[in-house]
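# Examination of the molecular architecture
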Amino acid sequence: MGGGGQPQSQETGYPQLNFTPKGAQIRDIYQNRIKNFSSGGQYAGVNLRSMFVTDRESSKDYVQLEVCSIPDLARPLFHEAIKGKFKPTSTGESFGPSWSTHWFRIIITVPKRMKHHERVQFNWDSNSEGLVYTEEGEAVQGLTGCGERTEWVFPQAWKTDGKMHVFYIEMACNGMFGNAGGDIIQPPNPDRTFTLSTADIVVPNLEGVGLYIDFWLIGDASREHPSDSWEAHEATQVCNEIVNTFVPGDQESVLKCRKIAARYLGDDIRSHKVYETGTKPLVFAIGHCHIDTTWLWPWDETKRKVARSWATQCALMDLYPEHRFTCSSAQQYKWLEKYYPKTFERVRQKVHEGKFQFIGGSWVEHDTNVPSGESLSRQFILGQRYFQSRFGVRCQTFWLPDTFGYSAQLPQLCRLAGMTRFFTQKLSWNNINTFPHTTFNWISLDGSQVLCHMPPSETYTADAHFGDVKRSMSRHKSLDQDNTSLLVFGKGDGGGGPTPEMLEKLRRCRGMSDKIGLLPRVHMGNSVDEFFASLEKKELAGNKFVTWYGELYFELHRGTYTTQSNNKKGNRNAEILMRDLEMLAAYASIRSSFKYPKQDIDDMWEDICLMHNHDCLPGTCIEMVYRDTDKMYAALFKKGSKIIEEASDALGFSFKPDSGMVPVAMNTHGWKRTEIVKVPKQHATNHCQTADDKNVYAVMQCDAYGIASPAVLTESRPTVSVMQTSDGSYVIQNDVLKATILDGAVTSLIVMQENREVIPPGKKANQLVIYDDKPLYWQAWDVEVYHFETRQEIGPGSVSILETGPIRVSLLVVTKISKHSWIKTIISLDAAIDGAGTYLTFDSEIEWRESMKFLKVEFPVDVVNTEAKYETQYGYVKRPTHFNTTWDMAKFEVCCQKWADLSEHGFGVSILNDCKYGFATAGNTMRLSLIRAPKAPDANADMGRHTFKYAMLPHIGAVDVATVHAAADFNNPLKVCFVPGSLDTEDLLNTVSCKGESSIIIDVVKRGEDDEDVSVGGLPTRKGRSIMLRMYESLGGRASTVLRTKLKVKKVFKTNLLEDDLEEVGFKEVQVEGGVRCEIEVKLRAFEVATYRLQL
């Protein structure tokens, strides 16, 4: 077309000319600008932090401080402490030493100028932990110190009444993580002091604090959303606009900034209604406060940590209706109930409201590697019974986030304790392989399963950051099956729990997800059980989760199988003590007027289970904890011995010889056994070898649950001999084994029946080896794979003949480890009389004064297999003997109970121990870990004198029940007691037994928890009397046996661990020599744990 037409108006307001240049934002520069706006440092006086406080008052006209310093590191409770003498004090004063307690009486009057403000509070910072009490003695607010959790929102009526108000603060001279003299795992500094830096009445600027959290979360979005996403760029612009709008000292600018923030966060973030938008959440946040029952502080400090933490959470629930808080460990609830009854009642009320949620079902959050099967069972029995007695219901979810590996039998025990779910996260700490699942079915040795969830945020102490919510999706490993997850947040390990700041951040995360998107939508207000119920519903609907069979091996903290050896020995001995004690007490209570000491037994098991705490038993606590456990074990053994003596007296035998009494051996195991035992010389009639000045050796041949007198030995009896050869070696031999010992090492071990050599050519068993032991960081916890590269053999020991037979021979080996350490080992072999003398015993005493060293003993054996077997609770597990993959190599140090075994077709060798747990089998070398020397957090860990035993047990054929029996016998030798010479001892213990030999082991005999004649209250009683039998299949195959008892049984039930009757079991009465017996047929699947109740 030609020209000449009129121009059409298309005016949009877009200017024609532009002489104002504008550049692109430089991302790094603007990110740093955003950080500076809310950080400390040189701009804190003019940035957002300058608007946190509206008013502050600390003068003596309004705040008066008095202190009572408690002597001798005592920790008196409120009503005792306030009777003390208080004297004036002030901020700037310092208090100490470490672990001491100082009570403050605080008298405040709120200035009239503050009465119109929305909130007035008291800020206290002693740079240590503390607890606020009302004048009446109710604990209401925990204090952390060092700028964290330093405020108490007192009753707001105090703002306007013009009165003086009194309250108290208990100051503990320790931080949240104790009193370390360096980084947190270093040994405590006993001389720390703490300065009271703040004691102020404060008017917080709630809008200023709110803007700070707004800005924090939007800034996180700017940094952590993908840099090429619209959501990240939008967050950057919003932050930048807030910075440009803010004017220091101008409250109106703060309000304008909050409106700008709402464009990204939405308008509902100021209340719990932000969670009521009807949109589908994916991340379910639950408040939590992990309190290590002991760790870098003693038990008594934990009791106060519980009160501080839980009082704080109850107060938070009043401020934040959406807040749901969960905490485990029945022991901690019991402490609160005993020492802080008002706080406990407040917790109970919150439980009934559904806001405070008990969880876990166990006595403490315990180790699962070292405790025996019955110990694990008692954790659940004690825990579930406590929760049921106090709150009316049991737990459904086993909660164990911080334990160092998980036994293969836990799923079965969980199901037997009424729990179908399991929560942990510790495997996220693996330092070799990444665990592949988030939500999965974990399956036990017997096939039992629990639904397991490991939060993809990979922590149980999340700070509720933007990144925690984001990782809940980005690190989720089970998205093929389900996209939901738990976010467990709150200050932990040393206690504390969620803070107001965390709850505010989560509100903003939810608002952001609804307003902008991209961030997974978080929700609050649900329980852990509700989360798991939704997963179970999906599983039942056909959305099957992946499976994991067997143990959840933790690829870190492998040194915890060995550290603090005496503590572990105390545990083993206590477990064995309780087994015998309960059996004897049960039978005595049925057969005599003896009163079953149920309360004492409960108290003892509570102490044992308390010491199974996942830092105490593994050996990772400070020294003062182990001085406490030394006393606890000593008291436990004293009480236990007294109960055993009383029960034995009721049954007709005694441990104290009187006139007319003869020595016998007591067998509390369910199989026949023969042992060489010491008996007092003056009471011995059938013996042929002196043991020491006061005792002789006697051969005791006991039937299952039998009592036997010393055997009469004939001239043709089997014997054992010792001789020194021309090359300086020693040969000890019986009819089963022939061992050659040179310089303390076993150079040859021949199984006589097959003339089979156990030791490979040129190798030495019982070879002591020492390693440098310097892990990457966690000294008491870790041993790293590179320690193998520092292996050094301990030089030859001096050998002498100690005993020459004819029923026991022994050699004494004295070996120098270093300038300061030595070990004495007695190598002994018994005569092969009726099943005795099948293993070579090494009984050691060591003086250990090393630093960062690891002592082990090696047993190279002429056996080939790619897997070794290790006893675990109620069975065994197989582990690789090779390093084919990183998963195989990661198991370079593993945990076992009483035995480990390496077998090939037709032959094998078992290593028995009486108190050791660390083990490794590499190729054909079996290594038992003996002792370590870490220097943190206990600088004196394992220093001093120790005793322990181990043994080599070669066997023909595969590992079988003989090893299981031998290991049990090795740990619980026949006990010598005394009976009247005229007493028929045949049936003193043989009340219940198994007919014939089976892989089924009767592990526990006890009375029913709620039998009406033994109940200690708390739960409904059951009429009549019961005997409870707990047994398990030990070798991994279906098995059957027949229980036989002379008790007058009315009914028999198979029960769960909690002794709920599951099914009635038939039985029959049979006539045998000696009377009528009741027989009950038992059939168990591989590795099944079963409990039977005999109703009498």
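Before reading further, recall that the structure is shown in the block above.
Below or above, wherever it landed, is the structure these notes cover.

About the criteria used
- Here the residue numbering is sequential within each chain, running from 1 through the sequence in written order.
- Restriction of local features to residues with pLDDT of at least 70 applies here, the model being predicted, together with a cutoff of 80 or more for giving and counting side-chain atom pairs; totals for whole chains, interfaces and linings are based on all residues.
- Heavy atoms from the whole structure form the basis of all side-chain values; hydrogens and water molecules are not counted.
- By the criteria applied, helices consist of DSSP H or I runs no shorter than four residues and strands consist of E runs no shorter than two, each listed in order from the N terminus.
- Computation of the radius of gyration draws on C-alpha atoms, with the globule rule given as 2.2 Å multiplied by the number of residues to the power 0.38.
- When a residue's accessible area, from a 1.4 Å probe over protein chains only, is under 20% of the maximum for its type it is buried; when over 50% it is exposed; and in between it is partly exposed.
- Contact between two residues is taken to exist if any of their heavy atoms lie within 4.5 Å; hydrogens are not considered.
- Per-residue accessibility takes into account occlusion by the displayed protein chains alone, with areas from the Shrake-Rupley method and a 1.4 Å probe.
- Neither His nor the chain termini are counted; the positive set is Lys and Arg, and the negative set is Asp and Glu.
- Positions of charges follow a simple convention, taking NZ of Lys, CZ of Arg, CG of Asp or CD of Glu.
- By definition, no residue in a patch forms a salt bridge, and every one has over 30% relative accessible area; like charges are joined within 9 Å, nonpolar side chains (Val, Leu, Ile, Met, Phe, Trp, Tyr) within 5 Å.
- Should a side-chain nitrogen of Lys or Arg be within 4 Å of a carboxyl oxygen of Asp or Glu, the pair is scored as a salt bridge.
- In this description, strands pair whenever DSSP reports at least two bridges between them.
- Here the axes come from fitting lines to C-alpha atoms, over the contacting stretch only for helices, and the angles between their N-to-C directions go from 0 to 180 degrees.
- To define a nonpolar core, start from buried Ala, Val, Leu, Ile, Met, Phe, Trp, Tyr and Cys residues and group those joined through side-chain atoms within 4.5 Å.
- Here the expected span of a helix is defined as 1.5 Å times the quantity of residues minus one.
- Within this analysis, the arc is defined by the directions that extend from the helix axis to the C-beta atoms.
- Note on aromatic contacts: the rings of Phe and Tyr and the six-membered ring of Trp form a pair at centre separations within 6.5 Å, being stacked when their planes are under 30 degrees apart, edge-to-face when over 60 apart, and tilted otherwise.
- The criterion is that NZ of a Lys, or CZ of an Arg, lies within 6 Å of the ring centre and within 35 degrees of the ring normal, and then a charge sits over that ring.
- The rule for a disulfide is simple: a pair of cysteine sulfur atoms within 2.5 Å.
- When describing relative orientation, an angle under 35 degrees is termed roughly parallel and one over 145 degrees roughly antiparallel, while 65 to 115 degrees is termed roughly perpendicular and anything else oblique.
- Following the grouping adopted for this structure description, the nonpolar residues are Ala, Val, Leu, Ile, Met, Phe, Trp, Tyr, Cys and Pro, the charged ones are Asp, Glu, Lys and Arg, and the polar ones are all others, Gly among them.

As a further point, take the overall build of the protein. Scanning the protein from N- to C-terminus turns up 19 helices and 57 strands. For 1096 residues, the compact-globule estimate of 2.2 N^0.38 gives 31 Å, and the protein sits close to it at 34 Å. Oriented by its inertia axes, the alpha-carbon framework of the protein measures out at about 135 × 80 × 65 Å. Counting over 1096 residues, the protein shows a buried share of 61%. Sequence-distant contacts, at least 24 apart, represent 74% of the contacts inside the protein between residues at least 6 apart. When the accessible surface of the protein is summed, it comes to about 41,800 Å², and 49% of that surface belongs to carbon and sulfur atoms. For the protein, the distance from the average position of its 125 positive side-chain charges to the average position of its 136 negative side-chain charges is 2 Å.

Another aspect to go through is a nonpolar patch on the surface. A surface patch of nonpolar side chains, amounting to about 380 Å² of accessible area, comprises Ile184, Leu776, Tyr777 and Tyr786. Relative to the helices and strands, Ile184 resides in the loop between strand 10 (165–172) and strand 11 (194–195). Relative accessible area serves as the criterion here: at 36%, Ile184 is assigned to the partly exposed category.

Bringing the pairing of strand 55 (residues 1068–1072) into the picture now. The pairing of strand 55 with strand 56 (residues 1075–1084) spans five bridges and is antiparallel. The residue of strand 56 that forms the bridge with Val1072 is Gly1075. Here strand 55 folds back onto strand 56, and the loop between the two strands holds two residues, one of which, Gly1074, carries a positive phi near 105°.

Now for the pattern of salt bridges. Side-chain pairing between opposite charges can occur once the charged atoms of the two side chains come close. Under the defined criterion, the tally for this structure stands at 83 salt bridges. Residues Asp318 and Arg346 are paired through a salt bridge, measuring 3.4 Å at the closest nitrogen-oxygen approach. Remark: Arg346 occurs in helix 9 (residues 341–352) and Asp318 occurs in helix 7 (residues 299–319); sequence separation between them is 28 residues. We classify Asp318 as partly exposed; its relative accessible area is 48%. A salt bridge links Arg521 to Asp514, with the nearest nitrogen and oxygen atoms 2.5 Å apart. Accessibility expressed as a relative area gives 27% for Asp514, which makes it partly exposed. Several salt bridges converge on common partners, so that one network encompasses Arg75, Glu129, Glu170, Glu301, Arg304, Lys305 and Arg308.

Think of a sheet as strands paired side by side through backbone hydrogen bonds, with each pair either parallel or antiparallel. Pairing in this open sheet of nine strands is antiparallel, and the strands run 35-36-37-38-47-44-43-40-41 from one edge to the other. The open sheet has two free edges, formed respectively by strand 35 (798–804) and strand 41 (875–880), since each of these has just one partner strand. When strand polarity is set aside, the average angle formed by the axes of neighbouring strands in this sheet is 20°. The sheet contact formed by strand 40 (residues 867–872) and strand 43 (residues 899–904) spans two bridges and is antiparallel. For Tyr870, the partnering residue across the bridge sits in strand 43 and is Ala900. Relative to strand 47 (residues 944–956), helix 15 (residues 565–591) is tilted by about 60°, and along the sheet it contacts strand 44 (907–913) and strand 47.

A few words on unusual backbone geometry. Following Gly96, the chain continues into Pro97 via a peptide bond in cis, with omega recorded as 0°. Its location among the elements puts Pro97 in the loop between strand 4 (94–95) and strand 5 (101–108). Of note, the amide linkage connecting Gly805 to Pro806 takes the cis form, showing an omega dihedral of 15°. Position of Pro806 relative to the elements: it lies in the loop between strand 35 and strand 36 (808–816). One non-glycine residue, His557, lies in positive phi territory at about 55°. As for its position among the elements, His557 is in the loop between strand 22 (547–549) and helix 15.

As a further point, take helix 19 (residues 961–971). Among the eleven residues in helix 19, ten count as buried, and that is most of the element. Val961, Thr963, Val964, His965, Ala966, Ala967, Ala968, Asp969, Phe970 and Asn971 are the residues of helix 19 that are buried.

Another point: the nonpolar core. Generally speaking, soluble globular proteins have nonpolar side chains that are buried together. Within the largest apolar cluster, 156 residues are counted, with the highest numbers of intra-cluster contacts made by Trp310, Tyr333, Phe653, Met1031 and Leu1094. Of the residues forming this core, the biggest block, eleven residues, is contributed by helix 15. With near-sequence residues (within four places) excluded, Met1031 lies in contact with Ile1000, Ile1001, Ile1002, Asp1003, Leu1043, Val1082, Leu1084, Glu1088, Val1089, Ala1090 and Tyr1092. With 68 residues, the next largest nonpolar core counts Val370, Ile770, Trp848 and Phe907 among its residues.

Within the secondary structure layout, Lys163 lies in the loop between helix 3 (158–161) and strand 10. Placed 534 residues apart in sequence, Lys163 and Tyr697 show a C-alpha to C-alpha distance of 82 Å. Excluding its chain neighbours within four sequence positions, the residues that come into contact with Lys163 are Ile108 and Thr109.

For helix 14 (residues 528–540), which comprises 13 residues, the first-to-last C-alpha distance of 18 Å matches the rise-based estimate of 18 Å (1.5 Å per residue) to within 8%. Within helix 14 the residues assigned to the buried category are Val528, Phe531, Phe532, Leu535 and Glu539. Buried residues of helix 14 fall within an arc of 90° about the axis and therefore sit on the same side. Those residues of helix 14 that are exposed and aimed more than 90 degrees away from the buried face are Lys537 and Leu540. Of the residues one or two after helix 14, Gly542 is the one with positive phi, at around 105°.

Let's shift gears to the packing of aromatic side chains. Two aromatic rings are characterised by how far apart their centres lie and by the angle between their planes. In total, this model carries 59 aromatic pairs according to the counting rule given. Between Phe104 and Trp124, the aromatic rings sit 4.9 Å apart at their centres with planes inclined by 70°, giving edge-to-face as the arrangement. Residue Phe104 is located in strand 5, and its partner Trp124 is located in strand 6 (residues 121–125); the two are separated by 20 residues in the primary sequence. For Phe104, a relative accessible area of 0% corresponds to the buried category. Under the relative-accessibility criterion, Trp124 is labelled buried at 2%. Here the aromatic rings of Phe284 and Phe531 are separated by 6.0 Å at their centres, their planes lie at 50°, and the arrangement is tilted. In this pair, Phe284 sits in strand 13 (residues 283–288) while Phe531 sits in helix 14, placing the two residues 247 residues apart along the sequence. With respect to burial, Phe284 and Phe531 carry one shared label: buried. Taken together, the ring pairs connect Trp310, Phe325, Tyr333, Phe344, Phe356, Phe358, Trp363, Tyr386, Phe387 and Phe391 into an aromatic cluster. Just above the ring of Tyr771 sits the side chain of Lys856; from NZ or CZ to the centre is 5.2 Å.

Relative to strand 47, strand 38 (residues 840–848) runs antiparallel, the two sharing nine bridges. Residue pairing in the sheet places Ser844 in a bridge with Phe948 of strand 47. Across seven bridges, strand 44 lies against strand 47 in antiparallel orientation. Bridged to Ser910 within strand 47 is Leu953.

Right, let's get into the state of the cysteines. Note on terminology: disulfide describes a covalent bond linking the sulfur atoms of two cysteines. Inspection of every chain in the model, using the stated rule, returns zero disulfides. Summary of cysteine pairing: Cys257 is not part of a disulfide, and the nearest cysteine sulfur, belonging to Cys239, is at 11 Å. Between Cys616, a cysteine without a disulfide, and Cys621, which holds the nearest cysteine sulfur, the sulfur-to-sulfur distance is 5.1 Å. Owing to a relative accessible area of 0%, Cys616 belongs among the buried residues under this scheme.

The next subject is the packing of helix 9 against helix 10 (residues 373–391). At a minimum axis distance of 11 Å, the contact between helix 9 and helix 10 shows a crossing angle of 85°. It follows that helix 9 is roughly perpendicular to helix 10 by the angle criterion. Residue-level contacts link Phe344, Arg348 and Val351 of helix 9 to Tyr386, Arg390 and Phe391 of helix 10. Among the residues forming the contact of helix 9 with helix 10, the class breakdown is four nonpolar, no polar and two charged.

It is worth spelling out the sheet that holds strand 49 (residues 992–995) at this point. Pairing within the open sheet is antiparallel, and its four strands lie in the order 49-52-56-55. Edge positions in the sheet fall to strand 49 and strand 55, since each has one partner strand and no second. With direction set aside, neighbouring strand axes in the sheet form an average angle of 40°. In terms of strand pairing, strand 52 (residues 1039–1045) meets strand 56 through seven bridges, oriented antiparallel. If you follow Leu1043 over to strand 56, its bridge partner there is Ile1080.

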